Amino acid sequence: MTSVDWTYDNDVATFHGELSVFTIDTAFEKKTLHSFHNKNVVIDLAGVSKIDTAGLAWLLCLVEEANKTKSEISFHNIPPDLIKLAKLSAVDLFLPTKI
């Protein structure tokens, strides 16, 4: 069974599993957007085993929502596959990173 789990503590959201068309649905999007609304959040992707264009689109949606609310989203431990996908899609510059 494909799944994604996440925890949120001290403004760090840690994700494990797949961020894909099979795991990102409307309920997931609403829950995460609500949890991160008007907050400065670091998204730790170290536990992400697979990501596809749906996962990339969801990450970009988080960035867009943060920009609308004048908050910050940054990404930590970005998987190499996500970097490749973002570059192929010409959106890699829209993914703020935190070292």
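Use the structure listed above.
On a predicted model such as this, the values are computed, not experimentally measured, just so you know. (Residues numbered from 1 in each chain as written. Predicted model: local features only at pLDDT ≥ 70, side-chain atom pairs only at ≥ 80, totals over all residues. Heavy atoms only, no water.)

**Q** Explain unusual backbone geometry here, please?
**A** A negative phi angle is the norm for most residues apart from glycine, just as the trans form is the norm for most peptide bonds. With phi around 55°, Lys 70 is a residue other than glycine that occupies positive phi space. Mapped onto the elements, Lys 70 comes out in the loop between helix H2 (53-68) and strand S4 (73-76). (Helix = DSSP H or I, 4+ residues; strand = E, 2+ residues; numbered from the N terminus.)

**Q** What's the story with the pairing of S4 in this structure? I'm lost.
**A** On any regular strand, side chains alternate: one points to one face of the sheet, the next to the other face. By the bridge criterion, 4 bridges tie strand S3 (residues 41-51) to S4 in an arrangement that is parallel. Pairing of Asp 44 across the sheet is with His 76, part of S4. Where the polypeptide runs from S3 across H2 and back to S4, its parallel neighbour, the crossover connection is right-handed. (Pairing = 2+ DSSP bridges. Right-handed = clockwise from strand over helix to strand, strands pointing away.)

**Q** Looking at this model, I keep getting lost on the nonpolar core. Mind explaining?
**A** Where a protein is soluble and globular, its nonpolar side chains tend to be buried together. Phe 15, Leu 19, Ile 43, Leu 45, Leu 59 and Phe 75 are the most contacted members of the largest nonpolar core, which has 26 residues in total. Put simply, the parts of the chain that give this core at least two residues each are strand S2 (12-19), helix H1 (26-36), S3, H2, S4 and helix H3 (80-88). In terms of residue count, H2 provides more of this core than any other element does, 6 residues in total. With residues near it in sequence (within four places) discarded, Leu 59 still touches Leu 45, Ile 51, Phe 75, Leu 82 and Leu 95. (Core = buried A, V, L, I, M, F, W, Y, C linked by side-chain atoms within 4.5 Å. Buried < 20%, exposed > 50% of the residue type's maximum accessible area, 1.4 Å probe, protein only. Contact = heavy atoms within 4.5 Å.)

**Q** I'm lost on the sheet that holds S2 in this one. Help?
**A** Picture the strands of a sheet paired through backbone hydrogen bonds; they go either parallel or antiparallel. Strand order in the open sheet formed by 4 strands is S1-S2-S3-S4, and the pairing between neighbours is mixed. What marks the edges here is a single partner per strand, and that holds for strand S1 (4-9) and S4. Averaged over all pairs of adjacent strands, the angle between strand axes in this sheet comes to 20°, irrespective of strand direction. In this sheet, S2 lies alongside S1 in antiparallel orientation, the contact comprising 6 bridges. Paired with Asp 5 across the bridge in S2 is His 16. (Axes fitted to C-alpha atoms, helices over the stretch in contact; angles between N-to-C directions.)

**Q** Can you help me understand the pairing of S2 in this one?
**A** Along S2, 6 of the 8 residues are buried, which leaves the element largely enclosed by surrounding structure. In textbook terms, the turn of a hairpin is the stretch between consecutive antiparallel strands, and for S1 and S2 this stretch comprises 2 residues, one of which, Asn 10, has a positive phi near 55°. Once the chain exits S2 it traverses H1 before rejoining the sheet at S3, and the crossover so formed is right-handed.

**Q** What should I look at first to understand the packing of H1 against H2 in this one?
**A** Each pair of packed helices can be summarised by the angle the axes make with each other and by the distance between the axes. It is at 11 Å that the axes of H1 and H2 come closest, and there the two elements cross at 35°. Our pair here, H1 against H2, has a crossing hand that is right-handed. Side by side, H1 and H2 meet where Phe 28, Glu 29, Thr 32, Leu 33 and Phe 36 of the first sit next to Trp 58, Cys 61, Leu 62 and Glu 65 of the second. Taken together, the residues of the contact of H1 with H2 sort by class into 6 nonpolar, 1 polar and 2 charged. (Left-handed = near helix turned anticlockwise from the far one by under 90°. Nonpolar A, V, L, I, M, F, W, Y, C, P; charged D, E, K, R; others polar.)

**Q** Before we go on, may I ask you to explain H1 in this structure?
**A** Those residues of H1 that fall on the buried side of the exposure criterion are Phe 28, Thr 32, Ser 35 and Phe 36. The arc enclosing the buried residues of H1, seen along the axis, measures out at 85°, which places them on a common side. Away from the buried face of H1 by more than 90 degrees, exposed residues Thr 26, Ala 27, Lys 30 and His 34 are located. Check the buried side of H1 and you find it contacts S1, S2, S3, H2 and S4. Between a side-chain oxygen at the N-terminus of H1 and the backbone nitrogen of Ala 27 the separation is 3.3 Å; the capping residue is Asp 25. Phi turns positive, to about 60°, at Asn 38, one or two residues after H1. (Arc of directions from axis to C-beta. Polar contact = N/O pair within 3.5 Å; in protein donor to acceptor, adjacent residues only side chain to side chain.)

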